[in-house]
Every structure is written in structure tokens, then in C-alpha cells.
Amino acid sequence: MKKLRKNCQWAAFLLLTILFSSGCSHRAEELVFTSSSAAETGTEMSQEASSSAPLLVHVCGAVQSPGVYELCPGDRIFDAVEAAGGFSRDAAGHALNLAQPVEDGIQIRIPTQSEAAELLQAVSISSEPGKININTAGEEELTSLSGIGESRARDILAYRKEHGPFRSIEDIKQVPGIKNAVFEKIKDDITV
């Protein structure tokens, strides 16, 4: 399956070669050159090429064969796990959204059952009444914090989505744009 994924572009090239060699080249040229100018066609073709470029993702944690894998555009996290040989025996696959589309260059960490349980326990134990939990808060809650606007709240949500939950309130300083000054304003109002 890994080899099949690595050859997704090659298969598309072969299909086009077969179409051209079977007398369909005239029809293919009509499809390619329907644009009003050659410059527009070139732009469209380069956009298509970039959208069909293979994706490289790092799959690690509780999988059979951790490593960097080449996937096709449109693949999902479950495809990345499958490319890495599937879940290991102690994987907590339920802790991830397996239907989430993958993006080029991301790391997908599959937690073990014990890691997922520890994280869940840490989140539920350390949540303090009256404070905003930065691991569960939505954009609206985050914008209620001093110094956090809509853009910064979206940055927090994106960071959390890519890297997983924060382990301590200090970890929020890893979000681009949140430095010591902003952290000092919000530290008494947040929890994990």
C-alpha cells in the first residue's frame, strides 16, 4: 500500500500517456487549451500540479512503523496511520480525528492508551472554576481574555489542532504572537 501511495503521481502520468497514445490526444488538447490565453493556461496547470503534489507527513507514536510517509492530496489521518502499518497494540486511536485531512509537512502523533488517559486526567483535574481552559475553549471564550483578539484566538485553536492539548499554561507562549507580555495579562485567567 505504501508503494501504491508513493506512485500516485506516476499513475496519473501513465493514464495521460495512455490517453494520448490511444488517439485521445486531440480531446485532451481541447481540455487543456480552453483558456483564453497561454499565460492563464500555464497558471492553471501549475496550480493543478501543486494541488496534486505528494504530501509528506511524519507519523510517530503508537504505530507499527513510525516514519515519514508520502501521501496523496485528499488523504486523511487514517490513511497516514495505514501507511505506517496501522496502530500498535497499545494505541489510543480514539483520541484523534481519523477523518481529518492531512497537510504537507505535519507530524501525526498517535498516543498510547496510557498517554491519552494521563492527558484526559490532567485536563479534567487541573480545570479550575472561573478560569478559561485553553485546551477546550472556543474562539469566543479565548477572545474574552485580555490581549487575545479574534486572530490570536484562531492562532491558539490552530496550534492546539496541530500540536495537541497544552500541558501547562506556559505552553501557550509557543503560539506565534503570544510572548511574555501577553502571557502575564492572561496567566491568572487560564487553566489547562
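Basis of the calculations
Each residue is numbered by its place in its chain's sequence as written, counting from 1. With pLDDT at 70 or above as the cut-off, local features in this predicted model cover only qualifying residues; side-chain atom pairs require 80 or more to be listed or tallied, and sums for whole chains, interfaces and linings still use all residues. The basis for every side-chain value is the complete set of heavy atoms in the structure, and neither hydrogens nor water enter the calculation. Between any two strands, pairing holds if DSSP finds at least two bridges. Going along the chain from the N terminus, every DSSP run of H or I of four or more residues is numbered as a helix, and every run of E of two or more is numbered as a strand. Axes here refer to lines fitted to C-alpha atoms; in helices the fit is confined to the stretch in contact. Angles between the N-to-C directions go from 0 to 180 degrees. Two rings belonging to Phe, Tyr or Trp (six-membered ring only in the last case) form a pair when the distance between their centres is within 6.5 Å. Interplanar angles under 30 degrees mark stacking, angles over 60 mark edge-to-face geometry, and anything in between is tilted. In this scheme, the term charge over a ring applies when either NZ of a lysine or CZ of an arginine sits within 6 Å of the ring centre and within 35 degrees of the ring normal. Should a side-chain nitrogen of Lys or Arg be within 4 Å of a carboxyl oxygen of Asp or Glu, the pair is scored as a salt bridge. Residue exposure (1.4 Å probe, protein chains only): buried if accessible area is under 20% of the type maximum, exposed if over 50%, otherwise partly exposed. To form a nonpolar core, buried Ala, Val, Leu, Ile, Met, Phe, Trp, Tyr and Cys residues must be joined to one another through side-chain atoms within 4.5 Å. Residues count as neighbours in contact if any of their non-hydrogen atoms are within 4.5 Å of one another.

**Observations concerning the sheet that holds strand 3 (residues 107-110)**
If you trace the three strands from one edge of the open sheet to the other, you get 2-1-3, paired in mixed fashion. The open sheet terminates on both sides in strands that have one partner only, identified here as strand 2 (67-71) and strand 3. Within this sheet the neighbouring strands show an average axis-to-axis angle of 30°, counted without direction. Bridge count for strand 1 (residues 55-61) against strand 2 is five bridges, and the pairing is antiparallel. Each bridged residue has a counterpart across the sheet, and for Val59 the counterpart in strand 2 is Gly67.

**Brief notes about the packing of aromatic side chains**
Given two aromatic rings, their pairing is described by the distance between the two centres and the angle made by the two planes. For the structure on display, the rule yields one aromatic pair. For the cation-ring pair, Lys173 lies above Phe183, with the distance from its terminal atom to the ring centre recorded as 5.0 Å.

**Considering the pattern of salt bridges**
Evaluated as defined, the whole model comprises five salt bridges. Residue Glu115 is joined to Arg109 by a salt bridge in which the shortest nitrogen-to-oxygen separation is 3.1 Å. By relative accessible area, which is 31% here, Glu115 ends up partly exposed. A salt bridge links Arg154 to Glu139, with the shortest nitrogen-to-oxygen separation between them at 3.4 Å. One end of the pair, Arg154, is in helix 7 (residues 150-163); the other, Glu139, is in helix 6 (residues 139-143), and 15 residues separate them in sequence. We classify Arg154 as partly exposed; its relative accessible area is 43%. One salt-bridge network, in which partners are shared between bridges, spans Glu139, Glu150 and Arg154.

**Overview of the nonpolar core**
Judged by nonpolar contacts, the single largest core of 19 residues is most densely connected at Leu142, Ile148, Ile156, Phe166, Ile172 and Ile190. Only helix 7 and helix 8 (180-186) provide two or more residues apiece to this core. With near-sequence residues (within four places) excluded, Ile190 lies in contact with Lys131, Ile132, Ile134, Leu145, Ile169, Ile172 and Phe183. With 17 residues, the next largest nonpolar core counts Tyr69, Ala83, Ile108 and Ile110 among its residues.

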